[in-house]
Amino acid sequence: MDSTSGGRQVLRILGLGEDEEQVYRALLRVSAAGPAELARQVPLPADRVARALAGLRDCGLVAPAGAEPDPPLRPLPPDVALGDELLRQQQSLDSARRRVAQLTEEYRAGVRRHDADHLVEIVTGPDALRARLRRLQDDARVEVLWFCRANPLAMPGPENVEEFAALARGVSYRAIYERDLLAEPDALADVEKAVRSGEQARVTGLLPVRLAIADRATAVCPLVPERASGEASAAVIGRSQLLDALLALFDSHWTAATPLLPGAGPAADGGPDADERLLLSLFVAGVPDKSIASQLGVSRRTIQRRLADLMTLAGVDTRPGLAYQAARRGWL
């Protein structure tokens, strides 16, 4: 992915299109300009330039460069606008969590009024839960979605051989991993193996539940441990509003999570090679230097040196600047 497409992705996070991208980049080149001058800088009609400037102004990416009538416009740094968008995404996640909680209460009320056998399947015990997760993947035909929290209850990553068989027959896998899970021994190697086999993996700080969904039709969601025996239990949920809420919750977290890339392959367009992109994705996901060093089998000093080299490559001297440039240039 080149830097142009990377910049387009950043602007699309703000809800802006290609016209806004072209006008913003033109304004970056000239520092300050009016609509007429910008219309000469980009291959767009004047009315589209004006609409693009209005969109950029609404998002806080341009501002007047003076107090005189019809002053030229100057570009503003995008980090503030991106920060506001991240806050809106967090609010969307919070809304999804509240919706899941509300629908869960409605579900429980319905179970009390009807025969539970017709509404949900309850699986009790780690062996039964492992068997149900294996069958879920064996039966999948299109897609499997995972919330992978730290300290798995029933099926650690190395035991999930069903995933590789499903990937081989064309089933798509999307998995979101908690940051703390990647700090567990050999966890990153297990995730890399899955990614090399075709899994799409992302990383986030904390997941609200453990979850597996097959073909957007069946979900397995572990419940609280049974108090008397301490055995794990899970609900197998079919098509319902509750399943719709769980899908919305997954999609919201997927949008906000950081891609985790495989550590192999050549460099592209003078950017970081794949090993460096793996390091970069862990760094952007917030994994501490010490944990990254442990997982990659190098010293913490080596990680700090490699991140410093990436900052030099990106032309910045701060870690936040490296994260921003990685997104702008399409390195992730």
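The rules behind the values
- Residues numbered from 1 in each chain as written.
- Predicted model: local features only at pLDDT ≥ 70, side-chain atom pairs only at ≥ 80, totals over all residues.
- Heavy atoms only, no water.
- Helix = DSSP H or I, 4+ residues; strand = E, 2+ residues; numbered from the N terminus.
- Buried < 20%, exposed > 50% of the residue type's maximum accessible area, 1.4 Å probe, protein only.
- Contact = heavy atoms within 4.5 Å.
- Areas by Shrake-Rupley, 256 points an atom, 1.4 Å probe, with all protein chains shown as cover.
- Core = buried A, V, L, I, M, F, W, Y, C linked by side-chain atoms within 4.5 Å.
- Pairing = 2+ DSSP bridges.
- Axes fitted to C-alpha atoms, helices over the stretch in contact; angles between N-to-C directions.
- Salt bridge = Lys/Arg side-chain N within 4 Å of Asp/Glu carboxyl O.

**Q** I would appreciate a short explanation of the overall build of the protein in the present structure.
**A** Counting secondary structure elements, the protein contains 13 helices and ten strands. For the protein, with 332 residues in total, the buried portion stands at 42%. Long-range contacts, defined as pairs at least 24 residues apart, comprise 65% of the intrachain contacts of the protein with a sequence gap of at least 6. Accessible area for the protein stands at about 17,000 Å²; split by element, carbon and sulfur atoms hold 51% of it.

**Q** I tried to follow the nonpolar core on my own but got confused; where do I start?
**A** Within soluble globular proteins, side chains that are nonpolar tend to cluster in buried spots. Counting residues in hydrophobic clusters, the biggest one holds 47 residues, and the most contacted among them are Trp 146, Leu 260, Leu 282 and Leu 322. Ignoring sequence-local partners within four residues, the contact set of Leu 282 consists of Leu 182, Leu 188, Leu 260, Val 287 and Ile 292. In this structure, Ala 219, Leu 243, Leu 249 and Trp 254 belong to the second largest nonpolar core, which totals 23 residues.

**Q** Looking at this structure, how should I read the sheet that holds strand 7 (residues 211-214)?
**A** Strand pairing in a sheet takes place through backbone hydrogen bonds and is either antiparallel or parallel in direction. The eight strands are arranged 3-9-8-7-4-5-6-10 in an open sheet whose pairing can be described as mixed. Only two strands of the sheet have a single partner each, and these edge strands are strand 3 (121-124) and strand 10 (258-260). Across the sheet, the mean angle from the axis of one strand to that of its neighbour is 20°, orientation sign disregarded.

**Q** Teacher, can you tell me more about the environment of Ser 92 here?
**A** By secondary structure assignment, the location of Ser 92 is in helix 5 (residues 78-113). Judged by its relative accessible area of 38%, Ser 92 falls in the partly exposed class. Ser 92 sits 157 residues away from Leu 249 along the chain, and the two C-alpha atoms are 9.4 Å apart.

**Q** So what exactly am I meant to see when it comes to the pattern of salt bridges here?
**A** A pair can form between side chains of opposite charge whenever their charged atoms are brought close. Applying the stated rule across the entire model yields 15 salt bridges. The salt bridge involving Arg 196 is made with Glu 192; its shortest N-O contact spans 3.3 Å. Remark: Glu 192 and Arg 196 occur in helix 8 (residues 187-196); sequence separation between them is four residues, near one turn of the helix. The class of Arg 196 is partly exposed, set by a relative accessible area of 48%. Note on Glu 192: relative accessible area 15%, which makes it buried. When salt bridges with common partners are traced through the structure, they connect Glu 143, Arg 174, Arg 216 and Asp 251 into a single cluster.

**Q** Looking at this structure, how should I read the pairing of strand 9 (residues 233-237)?
**A** Within a regular strand, side chains alternate between the sheet's two faces. Taken across its five residues, strand 9 has five buried, putting it largely inside the fold. The two faces of strand 9 match: Ser 233, Ala 235 and Ile 237 on one face and Ala 234 and Val 236 on the other face are all buried. Of the strand pairs in this sheet, strand 3 and strand 9 are connected by four bridges, and their pairing is antiparallel. When the bridges of strand 9 are listed, Thr 124 appears paired with Ser 233. The pairing of strand 8 (residues 218-222) with strand 9 spans four bridges and is antiparallel. The residue bridging Cys 221 from the neighbouring strand is Ala 235, located in strand 9.

**Q** Just checking my understanding: could you explain unusual backbone geometry for this structure?
**A** The phi angle of most residues is negative, glycine excepted, and most peptide bonds adopt the trans form. A positive phi is found at Ser 31, a non-glycine position, where the angle reads about 75°. By the secondary structure assignment, Ser 31 is in the loop between helix 2 (18-30) and helix 3 (35-41). If you check the backbone angles, Asp 215 has positive phi at about 55° while not being a glycine. The exposure class assigned to Asp 215 is partly exposed, which follows from its relative accessible area of 24%.

**Q** Which parts of the structure should I look at to understand the pairing of strand 4 (residues 143-148)?
**A** Judged by how many residues are buried, strand 4 sits mostly within the fold: six of six residues are covered. Burial of the side chains of strand 4 extends over both faces: Glu 143, Leu 145 and Phe 147 are buried on one face and Val 144, Trp 146 and Cys 148 on the other. Relative to strand 5 (residues 172-178), strand 4 runs parallel, the two being bridged by six bridges. Residue pairing across strands places Cys 148 opposite Tyr 177, the latter belonging to strand 5. Here strand 4 pairs with strand 7 via four bridges, running antiparallel. When the bridges of strand 7 are listed, Phe 147 appears paired with Leu 211.

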